[in-house]
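Take a look at the letters that make up each chain.
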Amino acid sequence: MSKLVRRALYPAVSRLCAHATLVEGRLKGTETPFRCLFVDNSRFGEYLTGRMYDTLPDRLEKKRIWIPALRRRLLSRRDGHDLCVAVLPRFYEALFRGLYDYRTTETVRQVIDTSGSWDDVKSRFSKKKRQVANNFEAKSGLGYRLSHEPGDLEFFYHRMFVPHITRRYGELATIDSYVEMQRFFRRGVLLFVTKGGQAVAGALSLVEDGVLRFRRTGVLDGDESHVDGGAQTALYYFQLRYAQEHGLRAVDTMMSAPFLNDGVYRHKREWGAVVLPDDETRTWVYVFGATPSEKTARFFEDNPMVVHRDDGMKGMIGISGDAAPSPAAINERVRRYEATGLRGFLVVTRAEVLAAPQTRPGTH
């Protein structure tokens with residue numbers, strides 16, 4: 001079968017079949033063996049594997065599985081897995097409802113409110129980011145400029161965007177073509193962070209319905225050292241200033257991984273981002289077999305995530321080593337991860353799953 005035919009058939013085949021990969025390794029920071037079955041046609045499992053394990057786990061099995069047959073395999077637990085994480089098309093929801101323990105999505109949206117005065121905007125930042133924002137331009141020696149020039153787009157794409165994405169994500173990088181970038185550019189604006197008159201970082205954004213949509217970013221030659229204190233910090237600061245000064249109601253920072261300790265997710269949250277569902281996704285990420293145990297508690301301790309419940313999105317966190325953690329220990333963990341948009345937390349211990357509210361008013 002030719003590559004062209006396989007490519008044409010892939011969308012239909014992927015709705016019926018998925019890659020099933022069974023791996024086993026040590027959870028990070030422990031000597032605990034943990035066996036996980038990943039079922040997906042995306043790179044989510046590969047990404048989560050890197051988060052979970054100290055070293056590359058042993059691959060015990062990899063094959064294609066007919067998705068409806070997954071239900072029978074999960075019920076039998078014949079391969080002895082500790083957990084199964086499956087990324088499946090949403091139309092399978094009815095088939096797996098009642099069998100999965102939790103569900104999330106491959107990404108969540110994060111949006112920053114820029115209504116009101118600049119002081120109003122800053123009041124929604126974390127304490128750390130408020131300190132950063134005070135006299136930022138004077139302290140950093142940075143400025144910004146806007147551009148609609150095609151030559152600047154070419155510079156941004158080849159000298160900033162591609163090197164930045166390649167360095168950050170390596171083999172997992174998904175790089176837009178230059179043609180795709182031009183389509184964004186025709187409807188948007190380039191914002192360059194400048195230092196001594198030189199553009200050292202950039203962001204391509206769209207303005208739609210009173211919202212600045214943060215589409216793509218980059219840093220000169222992929223080297224963050226061009227911007228003392230971090231290019232991402234400078235880009236967020238100047239995007240937010242631009243949006244507030246031009247009467248825009250929000251900055252949509254687009255998608256982040258659904259993990260509460262993911263670096264990109266945390267960075268956006270510190271700027272005051274509200275967590276919202278990814279309404280455009282066509283898949284659910286299901287977590288099967290997550291009954292309370294020391295292993296399950298450790299998994300969610302290292303990989304706290306946003307989960308979707310019937311009453312809204314909640315933070316899923318774990319506390320290992322203690323079957324009955326104190327209220328103070330639970331509150332400390334909740335304070336670490338609470339964010340506007342989450343409607344409380346679920347806390348997994350080795351013995352049970354506890355419900356916990358947010359600790360700060362206004363974070364729900």
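First things first, this report covers the structure right here in the doc. (Residues numbered from 1 in each chain as written. Predicted model: local features only at pLDDT ≥ 70, side-chain atom pairs only at ≥ 80, totals over all residues. Heavy atoms only, no water.)

### Notes on the sheet that holds strand 5 (residues 102-104)
Stage number 1. The six strands are arranged 3-1-2-4-13-5 in an open sheet whose pairing can be described as mixed. Looking at which strands have only one partner, the edges of the open sheet turn out to be strand 3 (58-66) and strand 5. On average, each strand axis in the sheet is inclined to that of its neighbour by 20 degrees, with strand direction left out of account.
Stage number 2. Strand direction decides the pairing type here: strand 1 (residues 17-26) and strand 3, joined by eight bridges, are antiparallel. Paired with Glu-24 across the strands is Asp-58, a residue of strand 3.
Stage number 3. Relative to strand 2 (residues 33-40), helix 12 (residues 294-302) is tilted by about 65 degrees, and along the sheet it contacts strand 2, strand 4 (83-89), strand 5 and strand 13 (283-288). (Pairing = 2+ DSSP bridges. Helix = DSSP H or I, 4+ residues; strand = E, 2+ residues; numbered from the N terminus. Axes fitted to C-alpha atoms, helices over the stretch in contact; angles between N-to-C directions. Contact = heavy atoms within 4.5 Å.)

### Thoughts on the packing of helix 8 (residues 150-169) against helix 9 (residues 178-186)
Stage number 1. Where helix 8 contacts helix 9, the two axes come as close as 11 Å, and the packing angle between them is 130 degrees. Taken together, the axes of helix 8 and helix 9 lie oblique to each other. Like other packed secondary-structure pairs, helix 8 and helix 9 cross with a definite hand, here right-handed. Facing helix 8, whose interface residues are Pro-150, Leu-153, Glu-154, Phe-156, Tyr-157 and Phe-161, helix 9 presents Tyr-178, Met-181, Gln-182 and Phe-185.
Stage number 2. Along the lines of polarity and charge, the residues of the contact of helix 8 with helix 9 split into eight nonpolar, one polar and one charged. (Parallel < 35°, antiparallel > 145°, perpendicular 65-115°, else oblique. Left-handed = near helix turned anticlockwise from the far one by under 90°. Nonpolar A, V, L, I, M, F, W, Y, C, P; charged D, E, K, R; others polar.)

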